[in-house]
Amino acid sequence: MAAPGYGKQSAPEQLPRSAADFSHLPAREAYLASLIDHLPDGAAMDVKTLAVLQPHYGQMACRTVLNNLSTAGHLRRVRERISSKDCRWVFRTYFSRTPRSDAWWTRFITTGATGAAGEMGEASTSGAPDPPKGRTLNRTSSTSAAYAALAGLGLADARLALSAADCAALEPLAAEWLARGTTPALFTTALTAGLPPDGVHSPVAFTRRRLLDKMPPERQRPEPPATRITECTDCRTPCRPHALLGGLCRACRGAPKAPPPRPRLSPAAVRAHAARARQAMISSPGS
């Protein structure tokens, strides 16, 4: 038996891509369905591979989504024998962008007949739960804000569902957007607004083009206030502003200088002066 991988096989006679693709699904299911829709035929789409391809959901969530997409008529998993002479089997997942009924899938798998090209599925997504409000992203704590903003595009519009590798490749451009003052909310709005009505063929190429074409302008940062030191217009001596009258310092204005302080006497000199004064009083006539 061949190694299981559930390689993708596109179902025949699907409707062309459009903005309404997967709009009937909850956000989580629509996000992963759009990602699967852009995978090439033969690509592995088991739960482990899907968990690695995108940054939001782990293996358990991917398993639930695949079951919900099967209920909604978008996929069937099939074992196929390689040939009548070869006992090996391969695992494949037939995926249809257009939801199909159980009768359509039964007819296609058993006989290869497809019936009407536009036949829609009878199954509904009533049993498919809405994405949990408190979910956490399947990423490490070191993931940048730019990476998180790119990963969130697929949740805002399933047509821009990016893989983990796509987010890593576009991260420098997204980081430049955020460095120029763009908030994550404005980033999502700018990238998802006005998408082509016929769908996006390559989400990563389309997002890269928009990141380049819509790059916001660099914001001019205000210059810090200049540091100024006033100085005398005449002698160029640095002074405090209030000490300069007319731009001149005290010396250059010719203002009278304070008298120099008298020298202080030592205690011995004071005692000597006092002794001489007493002696003069004693020796003076009439004392």
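That block above? That's the structure.
Residues numbered from 1 in each chain as written. Predicted model: local features only at pLDDT ≥ 70, side-chain atom pairs only at ≥ 80, totals over all residues. Heavy atoms only, no water.

A. Structural detail: the pattern of salt bridges. Per the stated rule, a full pass over the model turns up 8 salt bridges. Two residues, Glu 29 and Arg 28, come together in a salt bridge whose shortest N-O distance is 3.5 Å. Comparing Glu 29 with Arg 28, the two get one shared label, buried. One salt bridge connects Asp 37 with Arg 97, and the closest N-O pair in it is separated by 3.0 Å. A residue pair is termed long-range when its members are at least 10 positions apart, and Asp 37 in helix α1 (residues 27–37) and Arg 97 in the loop between β3 (86–95) and α4 (102–111) qualify at 60 residues. Like Arg 97, Asp 37 is buried. Salt bridges sharing common partners tie together Arg 17, Asp 37 and Arg 97. (Salt bridge = Lys/Arg side-chain N within 4 Å of Asp/Glu carboxyl O. Buried < 20%, exposed > 50% of the residue type's maximum accessible area, 1.4 Å probe, protein only. Helix = DSSP H or I, 4+ residues; strand = E, 2+ residues; numbered from the N terminus.)

B. Main features of the packing of α1 against helix α3 (residues 59–71). At a minimum axis distance of 10 Å, the contact between α1 and α3 shows a crossing angle of 85 degrees. One finds that α1 runs roughly perpendicular with respect to α3. Along the contact surface, α1 presents Arg 28, Glu 29, Leu 32, Ala 33 and Ile 36, while α3 presents Ala 61, Cys 62, Thr 64, Val 65, Leu 66, Asn 68 and Leu 69. Of the residues assigned to the contact of α1 with α3, the class counts are 8 nonpolar, 2 polar and 2 charged. (Axes fitted to C-alpha atoms, helices over the stretch in contact; angles between N-to-C directions. Parallel < 35°, antiparallel > 145°, perpendicular 65-115°, else oblique. Contact = heavy atoms within 4.5 Å. Nonpolar A, V, L, I, M, F, W, Y, C, P; charged D, E, K, R; others polar.)

C. Focus on α3. Here α3 contains 13 residues, and its C-alpha end-to-end distance of 19 Å stays within 8% of the 18 Å for a straight helix at 1.5 Å per residue. Listing the buried residues of α3 in full gives Ala 61, Cys 62, Val 65, Leu 66, Asn 68 and Leu 69. In a view along the axis of α3, the buried residues occupy a sector of 165 degrees, so they form one face of it. (Expected span 1.5 Å × (residues − 1). Arc of directions from axis to C-beta.)

None of this, on its own, says anything about what the molecule does.
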